[in-house]
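Here is what each chain is made of, one letter per residue.
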Amino acid sequence: MLNNLMSSYVFDTLEPIAKWISVGVIGMMILSLIIIFFSKKESFSKSELVKTVGMVAVFYAVVMGIVLVSLEMAKKFSKGYLEGNWVSEKIIPFVLIPVLVTLVLTLVSMITLFIISKKKPVIFKKTSIIALIVCGVALAITIVLIAIFYSKNVLGDGYYTGDYGKLNSPVLYILSALLILVVVATSLIVGRKNKTPFDARTISMAGISIALSFVLSYVKFEAAWLQGGSITLVSFLPICLFSYVYGMKKGLIVGFIYGLLQAIQDPFIVHPGQFLLDYPIAFSMITFAGLLTDLNVLNNLPRLKFTISAILVGLFRYIAHVISGVFAFGAYAADAGASSFFTFSAIYNTYVFIDIALVVVVGLVLFSSKSFLHELKKLNQDK
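Now for a look at the structure at hand. (Residues numbered from 1 in each chain as written. Predicted model: local features only at pLDDT ≥ 70, side-chain atom pairs only at ≥ 80, totals over all residues. Heavy atoms only, no water.)

Some details on the overall build of the chain
Piece 1. Along the backbone of the chain there are 17 helices and 2 strands.
Piece 2. Sequence separation of 24 or more characterises 77% of the internal contacts of the chain that already satisfy a separation of 6 or more. (Helix = DSSP H or I, 4+ residues; strand = E, 2+ residues; numbered from the N terminus. Contact = heavy atoms within 4.5 Å.)

A few points about the side chain of Arg317
Piece 1. Structurally, Arg317 can be placed in helix α13 (residues 302–328).
Piece 2. According to the relative accessible area criterion, Arg317 is buried, its value standing at 6%.
Piece 3. If we skip the residues at most four places from it in the chain, Arg317 touches Phe236, Ala282, Phe283, Met285, Tyr351, Val352 and Asp355. (Buried < 20%, exposed > 50% of the residue type's maximum accessible area, 1.4 Å probe, protein only.)

Concerning the environment of Ala328
Piece 1. Its location among the elements puts Ala328 in helix α13.
Piece 2. Residue Ala328 is classed as buried on the basis of its relative accessible area, which comes to 0%.
Piece 3. Between the C-alpha atom of Ala328 and that of Val171, which follows or precedes it by 157 residues, the distance is 9.6 Å.

What to know about the side chain of Ser345
Piece 1. When you line up the elements, Ser345 lands in helix α15 (residues 341–348).
Piece 2. Judged by its relative accessible area of 3%, Ser345 is buried.
Piece 3. A distance of 2.9 Å separates a polar atom in the side chain of Ser345 from the backbone oxygen of Val322.
Piece 4. Ignoring any residue separated from it by four or fewer positions in sequence, one finds Ser345 in contact with His321, Val322, Gly325 and Val326. (Polar contact = N/O pair within 3.5 Å; in protein donor to acceptor, adjacent residues only side chain to side chain.)

Structural notes on the packing of aromatic side chains
Piece 1. Inspection of the entire model under this criterion finds 13 aromatic pairs.
Piece 2. Taken together, a centroid distance of 5.3 Å and an interplanar angle of 80 degrees make the contact between Tyr244 and Phe367 edge-to-face. Of this pair, Tyr244 sits in helix α9 (residues 237–246) while Phe367 is found in helix α16 (residues 351–367), placing the two residues 123 residues apart along the sequence.
Piece 3. By way of ring pairs, the aromatic residues Phe236, Tyr258 and Phe283 are connected into one cluster.
Piece 4. In this structure, Lys305 is placed above the aromatic ring of Tyr244, and the distance from its NZ or CZ to the ring centre is 5.1 Å. (Phe/Tyr/Trp six-rings, centres within 6.5 Å; stacked < 30°, edge-to-face > 60°. Lys NZ or Arg CZ within 6 Å of the ring centre and 35° of its normal.)

See the structure below:
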């Protein structure tokens with residue numbers, strides 16, 4: 001028993017240390033970019049340094065994801081921890097190992113694509129397709145295994161799974177599928193004219209955006225009513241800007257990856273449908289920041305264009321969280337004495353609008369800068 005407690009204590013101690021080391025390392029990368037930008041603008045504009053730092057940031061984020069999932073896996077080997085937290089031992093083969101394998105494959109794919117983009121750019125496109133298929137299959141298998149685990153092995157006293165919890169599996173699956181269909185279809189239809197390739201430069205910019213958002217998401221402001229969600233220090237801004245510049249299809253990919261990182265960073269999962277709604281789907285809504293870009297409207301009013309884009313992101317993310325709250329977390333509404341699960345979820349998830357309001361305010365400051373608009377113009381010309 002003592003060994004189990006010590007094991008859990010060690011891993012609980014190592015996890016936050018690993019996370020804050022990540023914040024420090026990525027923060028140093030960002031600081032270096034800022035210093036070089038203001039001291040050597042010519043070098044910065046060539047984007048070689050930006051691409052390198054972007055790739056390093058992405059690789060580091062994935063590596064730390066692997067480390068953190070490994071720590072979590074090791075901790076959950078403890079029978080004392082599993083019994084004390086009402087968790088089935090089957091979480092290891094059905095959840096943790098598949099997630100770890102998917103992350104490793106993602107890391108290997110990124111490293112391979114980076115090397116090929118430098119050494120043999122001719123085969124970059126074919127290799128990208130192969131890597132995407134491999135990672136996609138791994139992800140699909142992982143999602144299926146997680147679904148099997150949560151449908152058969154969730155333990156507890158009925159708080160989520162009983163009548164009291166009001167967890168509605170069929171509705172969660174159906175609405176998750178519908179939202180995925182809406183987001184993917186909208187991205188493909190609206191972005192069909194956007195033929196810019198997902199080349200090494202774009203991947204680098206995506207990496208920088210994800211890394212910046214990942215770091216900023218650690219700076220949280222907790223409110224009294226928040227039990228799971230949190231208001232962050234404009235963590236959506238970098239990936240929102242990426243989608244704004246590169247369009248919906250690329251924004252969808254970046255948002256999806258960022259959603260998976262969020263699930264690794266601070267997971268709160270009671271059901272596979274809820275997992276999809278609160279993480280990959282909710283954060284994939286960043287794709288709507290590129291809607292007006294792909295429609296080629298309001299180009300002469302960048303501040304208004306960005307504001308509308310950010311509001312759309314916040315609105316669709318809010319919808320995903322509200323659905324999750326109504327059909328997966330009804331027990332919390334019952335505990336609070338709320339007469340309506342929908343009303344409780346709708347009010348609770350208003351923190352999303354505070355989060356996006358901060359993004360809009362900071363975004364408007366950036367879009368008021370002529371030098372910032374000039375850099376955005378250059379990015380659009382280089383696409």
